[in-house]
Amino acid sequence: MDTLTKEQRDILLDYYFECANQNESEIARGLLENHQGAVEFFSRLYDSLSPLEHLNTENDTNCPDHLVEKTLAGIYSQSQSSDEPVSVNRLEKLLAEESQKVATKRSSFWKGLAETVGVAAAILIMSGIFVPVSRNMRAHAWQTACQANLSKISRGLTQYAGDNQGFLPAVATKAGSPWWRVGSEGQESQSNTRHLWLLVRNGYAEPEAFTCQGCARGKTIKLDRGQLVKLPDFPNRRYISYSFKLISDSNRAAYPKSATPLMSDANPIFESCLKTQTCLSKGEFEPIRVCEKLARINSYNHRTKGQNIMFSDGAVRFTTQRIFGQNDDIFTVRDLNIYRGNEKPNTEADIFLVP
Amino acid sequence: MTNSINTSENHSNSSSENELLRRYVAGDKDAFEEILTRYKDQLYAFLRRFLNNQQLVEDAFQDTFLQLYQSRKTFEKDKPLRPWLFTIAANKARDALRKQQRHDTVSIAAMAEPTELSIDDVMNSLKAYEITPYDEAEKTEHAERVRRIISEMPENLREILMLAYFEQFSYKQMADVLSIPIGTVKSRLHTAIVFFTKKWKSATGDGDGKF
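The structure contained in this document is the topic of the report that follows. (Residues numbered from 1 in each chain as written. Chains lettered and ligands numbered in written order. Predicted model: local features only at pLDDT ≥ 70, side-chain atom pairs only at ≥ 80, totals over all residues. Heavy atoms only, no water.)

### Brief notes about the overall build of chain A
- A count of helical and extended segments in chain A gives 11 helices and 9 strands.
- Across the 355 residues in chain A, those meeting the buried criterion constitute 50%.
- For chain A, the exposed area adds up to about 17,300 Å²; of that, 52% sits on carbon and sulfur atoms. (Helix = DSSP H or I, 4+ residues; strand = E, 2+ residues; numbered from the N terminus. Buried < 20%, exposed > 50% of the residue type's maximum accessible area, 1.4 Å probe, protein only. Areas by Shrake-Rupley, 256 points an atom, 1.4 Å probe, with all protein chains shown as cover.)

### Focus on the packing of helix 8 (residues 171-178) of chain B against helix 9 (residues 182-204) of chain B
Residues and elements named next belong to chain B.
- Relative orientation of the contacting elements helix 8 and helix 9 amounts to 100°, with a least axis distance of 9 Å. Classified by the angle between their axes, helix 8 and helix 9 sit roughly perpendicular to one another. Listed contacts from helix 9 to Tyr171, Lys172, Met174 and Ala175 of helix 8 are Ile182, Val185, Lys186 and Leu189.
- Residue composition of the contact of helix 8 with helix 9, grouped by class: 6 nonpolar, no polar and 2 charged. (Axes fitted to C-alpha atoms, helices over the stretch in contact; angles between N-to-C directions. Parallel < 35°, antiparallel > 145°, perpendicular 65-115°, else oblique. Contact = heavy atoms within 4.5 Å. Nonpolar A, V, L, I, M, F, W, Y, C, P; charged D, E, K, R; others polar.)

### Things to note about the interface of chain B and chain A
- In this assembly, 59 residues from chain B lie in contact with 58 residues from chain A.
- Between chain B and chain A, a total of about 5,700 Å² is buried, with carbon and sulfur atoms accounting for 62% of that surface.
- Inspection of the region where chain B meets chain A yields 2 salt bridges.
- At the junction of chain B and chain A, the tally comes to 6 residue pairs in polar contact (both at pLDDT 80 or more).
- The set of elements that each furnish at least two residues to the side of chain B that touches chain A consists of helix 2 (29-51), helix 3 (54-70), helix 5 (119-128), helix 6 (139-152), helix 7 (155-166), helix 8 and helix 9 of chain B.
- With 14 residues, the single largest contributor to the side of chain B that touches chain A is helix 2 of chain B.
- Partitioned by chemical class, the residues of the side of chain B that touches chain A number 30 nonpolar, 10 polar and 19 charged. (Buried area = accessible area lost by both parts, 1.4 Å probe. Salt bridge = Lys/Arg side-chain N within 4 Å of Asp/Glu carboxyl O. Polar contact = N/O pair within 3.5 Å; in protein donor to acceptor, adjacent residues only side chain to side chain.)

### Points about helix 1 (residues 6-16) of chain A
Residue and element names in this part refer to chain A.
- Of all 11 residues in helix 1, 8 are buried, a share of seventy percent or more.
- When we look at burial in helix 1, the residues that qualify are Gln8, Arg9, Ile11, Leu12, Leu13, Asp14, Tyr15 and Tyr16.
- Just downstream of helix 1, glutamate 18 is the residue with a positive phi angle, here 60°.

### A closer look at the sheet that holds strand 9 (residues 353-354) of chain A
Residues and elements named next belong to chain A.
- The 5 strands lie next to each other as 5-4-2-1-9, forming an open sheet whose pairing is antiparallel. Of all strands in the sheet, those bounded by a partner on one side alone are strand 5 (316-319) and strand 9.
- In this structure, strand 4 (residues 307-311) lies alongside strand 5, joined through 4 bridges in antiparallel fashion. Within strand 5, the position partnered with isoleucine 309 by the bridge is arginine 317. (Pairing = 2+ DSSP bridges.)

### Overview of the pattern of salt bridges
- Inspection of every chain in the model, using the stated rule, returns 18 salt bridges over all chains.
- With its nearest N and O atoms 3.2 Å apart, the salt bridge here joins Glu292(A) to Arg296(A).
- With relative accessibility at 56%, the residue Arg296(A) sits in the exposed group.
- With a shortest N-O distance of 2.9 Å, Glu159(B) and Arg94(B) are connected by a salt bridge. Residue Glu159(B) is found in helix 7, and its partner Arg94(B) is found in helix 4 (residues 81-104); the two are separated by 65 residues along the sequence. In terms of burial, Glu159(B) and Arg94(B) fall into one category: buried.
- Residues joined by salt bridges that share partners form a network here, namely Arg49(B), Arg82(B) and Glu167(B).

### Considering the nonpolar core
- The biggest cluster of nonpolar side chains holds 92 residues, and the ones touching the most others in it are Phe17(A), Leu52(A), Phe32(B) and Phe196(B).
- If you tally residues by element for this core, the top one is helix 2 of chain B, at 11 residues.
- By size, the runner-up hydrophobic cluster in this structure holds 35 residues, among which are Ile153(A), Ala170(A), Phe244(A) and Ile247(A). (Core = buried A, V, L, I, M, F, W, Y, C linked by side-chain atoms within 4.5 Å.)

### Description of unusual backbone geometry
- Residue Val354(A) is joined to Pro355(A) through a cis peptide bond whose omega torsion reads 0°.
- Tracing the backbone through its elements, the reader meets Pro355(A) in the segment after strand 9.
- Unlike most non-glycine residues, Ser179(B) shows phi in positive territory, near 55°.
- Within the secondary structure, Ser179(B) sits in the loop between helix 8 and helix 9.

### With respect to empty space enclosed by the protein
All names here are of chain A.
- Within the structure shown, the criterion is met by 2 cavities of 30 Å³ or more.
- Lining the second largest cavity are 13 residues, with Lys174, Ser177, Trp179, Leu246 and Ser248 positioned closest to its centre.
- Taken together, the residues of the lining of the second largest cavity sort by class into 4 nonpolar, 6 polar and 3 charged. (1 Å grid on protein atoms, 1.4 Å probe; cavity = no way out; pocket = protein on both sides within 12 Å on 5 of 7 lines; lining within 4 Å. Points joined across faces, edges and corners; volume = space filled by probe spheres on them.)

### Structural notes on the packing of aromatic side chains
All names here are of chain A.
- Per the stated rule, a full pass over the model turns up 30 aromatic pairs over all chains.
- Seen in terms of ring centroids, phenylalanine 42 and tryptophan 142 are 5.1 Å apart; in terms of plane orientation they differ by 65°. Their pairing is edge-to-face. Placement of the pair is phenylalanine 42 in helix 3 (residues 36-49) and tryptophan 142 in helix 8 (residues 136-163), with a sequence separation of 100 residues.
- Take phenylalanine 42: its relative accessible area is 1%, and that puts it in the buried class.
- Its relative accessible area of 6% is what places tryptophan 142 among the buried residues. (Phe/Tyr/Trp six-rings, centres within 6.5 Å; stacked < 30°, edge-to-face > 60°.)

Put into structure tokens, the structure is as follows:
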């Protein structure tokens with residue numbers, strides 16, 4: 001963060017508040033892709049101001065109808081007494097018309113329902129048009145910064161594979177181990193994040209790259225290298241907001257030759273259960289059934305708008321797609337509907353990104 | 001392809017707004033009501049965040065649209081409506097706060113011009129305070145704290161933060177809305193960020209929260 005010039009900081013701040021011009025925006029995006037200090041500055045700015053989102057509740061942003069009515073009534077009564085005469089009190093006229101409609105026209109339940117649905121749809125459409133697009137550009141910036149993270153990790157993975165006979169980083173893990181237990185200090189390798197920790201421990205990737213800027217729970221590790229190498233895993237889920245291809249049994253998964261998904265923004269299916277720290281002491285979490293919603297939802301890192309996915313050819317794409325290859329959902333095991341945190345795919349072609 | 005579609009949509013939106021403004025200036029009440037419908041939620045949200053007092057919000061909201069209605073003859077219809085509307089709303093909100101402060105005999109220190117800070121101060125503030133990221137699980141608990149910090153913020157910092165963070169006005173637009181130079185907009189925004197960061201950290205645990 002210290003290596004940023006004053007001008008660069010200004011540009012990043014302007015970009016954050018969407019006050020940057022096109023040229024400055026390009027510079028900001030370039031910095032966020034290539035400059036760790038810029039990513040850190042941006043991330044801290046985001047963390048510092050994101051509590052303001054608490055002022056974005058429905059109560060805060062939806063003007064109540066009674067206020068609109070009072071406002072119109074006040075304006076029209078003022079204008080009646082001013083130089084411009086108003087022939088009819090419009091509000092009263094509208095209210096009278098409305099009450100007549102209620103008495104005479106709402107003849108059936110289905111018609112009432114259709115009207116209600118129509119009004120709801122109209123409100124939704126109006127909201128979509130008129131509610132300010134306040135977070136769109138900011139969300140785009142997180143996506144870009146997140147892509148930069150995954151690109152860095154991808155380079156680390158490639159280098160690691162190059163130094164290790166073409167194999168992905170892997171520690172001894174048995175099938176059926178709780179792949180979700182991030183930060184467990186037991187000697188027996190468990191969490192699927194322990195494989196990725198090898199990249200950090202051996203200097204192939206910086207720990208900051210494993211925290212997605214869009215992830216609300218994300219946190220950056222503040223340890224020196226001496227302390228990092230002593231850890232067996234990421235300290236806890238806050239320090240890694242990505243999911244990685246599940247590796248177990250063979251413990252020497254070859255780096256895929258064809259372009260297949262290796263890593264992505266955090267798998268959304270297990271987000272809720274992994275928030276509960278009490279389940280960390282157990283080998284399983286409470287069973288999760290993959291309902292229709294969970295089968296479609298995108299990662300929470302980017303507010304379910306989509307997820308960045310890193311492929312083994314080094315490409316990183318932001319997409320709403322979860323299905324790749326031969327109808328393979330990257331967030332589930334094929335033909336499995338209930339999860340307890342120790343599942344494993346039966347074939348190499350069935351990609352399962354966890355936790 | 002996408003850009004040309006967006007440009008065409010923007011052009012179309014801008015044309016329809018121009019037509020709406022033309023009708024509003026001509027005294028068409030339907031056009032005025034359409035403007036109210038269009039901007040009511042944005043204005044209401046701005047006033048809620050700024051004033052955090054329902055009675056003041058409602059008064060300022062009604063006064064804003066009353067002034068909009070009454071001043072249609074002097075409105076320059078070639079200018080964008082939104083910044084003008086927020087200029088009125090910000091003035092009404094300030095008036096409402098001053099009235100309340102006279103009534104409540106609140107210390108005038110809350111209105112004092114604070115020291116205006118630079119981007120370096122923002123940088124130092126971000127580095128000095130470890131901020132716990134926004135967490136859905138702690139939503140209710142934190143919402144009240146945020147409201148309290150915002151209500152303690154000097155009004156000139158509060159309005160700049162609201163306009164920049166939620167309304168996404170450009171520096172030029174904020175300068176116009178608040179009738180201050182662009183340089184002052186930037187330094188006030190820096191000050192507002194540092195203020196909020198320190199107070200938030202103080203409210204949630206570490207840091208002394210001094211400002």
